[in-house]
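Below are the chains, spelled out letter by letter.
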Amino acid sequence: MANPNLVRKPAYDVNGLGEASPLDIVTGASRDQNFIHNGAMDFFQRGASASVTTEINGPADRWSVGRTSGSVVATVSASTDVPANGKSFFSLQWQTTTAAAMTSTDRIGIFQKIEGQFARVFYNETVTLSFWVKSALTGVHSVWFGNGAAANGFYITSYTINTPNTWEYKTITVNMANKIGTWSTDNTIGMYVYFSLGAAVQTATANTWTSSTASLALPGQVNLGATVGNQFKITQVMLNIGSVPAPFVTAGRTFDNELKICQRYYEVGNYIASGYNGGAGVIPTSSCSFLVTKRAAPSLTQTYLNGSFTVNNFGTSTVNNFNVNVNIPGAGVGYVYFSWTADAEM
């Protein structure tokens, strides 16, 4: 009989069926488990690109990007420019479209928010962040790890780009057991992993924990927003337990499971109802189930609507489904079709 401690379950296999269920990770994790979701940049459910004038979620699932202040504008998009190791098809690309100097509290960057229920597994562990990166600028690129709503625990470190516009592999190791502050263990933000692309204030002390948000960048931090056309690309991002970087794997191990993990936070779908009716009225409430249980009750948005019927009472949801009432204007055959998004991102 096999030793159950040596038998690997599929990542996120809470039901034993080999299917994705993101909460399974809280029961334990192997040393090569990736805590970064969509680290290979496979999924862009919100669309392949977005203009960045503030902080936004996307366009890559589970990733956020933005500008806290200032006037830098960028386009962030899926790029097919990737490292030659064959482990990813896409990278996430920042390209500056309106350039500006960093002043006051300006900050630009790409980051992921790790849910507390996942992050709690490594709160008292040493973890290693590894990734492939291509930057237009050589020099210091800051990375910081920070807690969620409490915003009172930050570890600021960096990596160095040696050659411009060339893929380079980087690793960073952090002892989380030395962390300070209050760290969430529920379904809110547990930890930020933030890749700085520019910051006005660059007075942080390297490789130490601090409770201050006064500076989250190290001296010499480059500014990718300084010149129109500057690009920054990143892919194959992995955060694993241990002081040694594990070979890259996606959090879900399979393409299907990785999508399901992303759908815990954002899902797109379609709804259609049709039929013959003797007169005007309202079809009784119907329920539309999500493919994956959400982190929290999501915000619902109609992105397209067509048909002779109209929709009433759309927008109320639980973590599992939402309800729809369809209004029939008169007798005869009719239908309604609409697309929707369910957003439960943090």
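Residues numbered from 1 in each chain as written. Predicted model: local features only at pLDDT ≥ 70, side-chain atom pairs only at ≥ 80, totals over all residues. Heavy atoms only, no water.

## With respect to the overall build of the chain
At step 1: A tally of regular secondary structure across the chain gives 2 helices and 19 strands.
At step 2: The C-alpha atoms of the chain give 22 Å as radius of gyration, which agrees with the globular expectation for 346 residues (20 Å, within 12%).
At step 3: Projecting the C-alpha coordinates of the chain onto the three principal axes gives extents of approximately 75 × 60 × 40 Å.
At step 4: Classification of the 346 residues of the chain by burial places 50% in the buried group. (Helix = DSSP H or I, 4+ residues; strand = E, 2+ residues; numbered from the N terminus. Rg over C-alpha atoms; globule rule 2.2 N^0.38 Å. Buried < 20%, exposed > 50% of the residue type's maximum accessible area, 1.4 Å probe, protein only.)

## Focus on the nonpolar core
The nonpolar side chains of a soluble globular protein tend to be buried with one another.
At step 1: By size, the foremost hydrophobic cluster in this structure holds 61 residues, and its most contacted members are W94, F122, L129, F145, F195 and L239.
At step 2: It is strand β11 (residues 189–199) that provides the largest number of residues to this core, a total of 7 residues.
At step 3: Y271, V324, V326 and F338 belong to the second largest nonpolar core, which has 15 residues in total. (Core = buried A, V, L, I, M, F, W, Y, C linked by side-chain atoms within 4.5 Å.)

## Quick notes on the sheet that holds strand β19 (residues 332–343)
At step 1: Spatial strand order, β14-β19-β16: 3 strands in an open sheet with antiparallel pairing. Because the sheet does not close on itself, it has two edges, and the strands there are β14 (266–277) and β16 (299–307). For this sheet the average axis-to-axis angle between neighbouring strands, irrespective of direction, equals 20°.
At step 2: Looking at chain direction, β14 and β19 are connected through 12 bridges and run antiparallel. (Pairing = 2+ DSSP bridges. Axes fitted to C-alpha atoms, helices over the stretch in contact; angles between N-to-C directions.)

## Quick look at the confidence of the model for the chain
At step 1: For the chain, per-residue confidence averages 90 on the pLDDT scale, and residues scoring 70 or more make up 91% of the total.
At step 2: Low pLDDT, under 50, characterises residues 1–20; the predicted model gives this stretch 36 contacts beyond four residues in sequence or across chains.
At step 3: Between residues 22–27, whose pLDDT stays under 50, and residues either more than four places distant or in other chains, the model counts 21 contacts. (pLDDT = per-residue confidence, 0-100. Contact = heavy atoms within 4.5 Å.)

## Topic: the pattern of salt bridges
At step 1: Under the counting rule described, the total for this entry stands at 8 salt bridges.
At step 2: Close ionic contact of D343 with R46 constitutes a salt bridge, the shortest N to O distance being 3.9 Å. Here D343, found in strand β19, pairs with R46, found in the segment before β1 (49–52); they are 297 residues apart in sequence, far enough to count as distant.
At step 3: Residue D343 is classed as partly exposed on the basis of its relative accessible area, which comes to 27%.
At step 4: For K294, the salt bridge goes to E267, with nearest N and O atoms at 2.5 Å. Taken together, the positions of K294 in the loop between β15 (281–289) and β16 and E267 in strand β14 put the pair 27 residues apart, joining distant regions of the chain.
At step 5: The exposure class assigned to K294 is buried, which follows from its relative accessible area of 2%.
At step 6: The exposure class of E267 is buried, given its relative accessible area of 2%. (Salt bridge = Lys/Arg side-chain N within 4 Å of Asp/Glu carboxyl O.)

## Some details on the packing of aromatic side chains
At step 1: Scanning the entire structure with this criterion turns up 23 aromatic pairs.
At step 2: Ring centres of Y304 and Y337 lie 5.9 Å apart, and the angle between their planes is 65°; on these two criteria the pair is classed as edge-to-face. Separated by 33 residues along the polypeptide, Y304 in strand β16 and Y337 in strand β19 bring together distant segments of the chain.
At step 3: With relative accessibility at 41%, the residue Y304 sits in the partly exposed group.
At step 4: Their ring planes at 75° and their centres at 5.3 Å tell us that F314 and F338 sit as a pair that is edge-to-face. Here the residue F314 occupies a position in the loop between β17 (310–312) and β18 (321–328), and F338 occupies one in strand β19, the gap between them amounting to 24 residues. (Phe/Tyr/Trp six-rings, centres within 6.5 Å; stacked < 30°, edge-to-face > 60°.)

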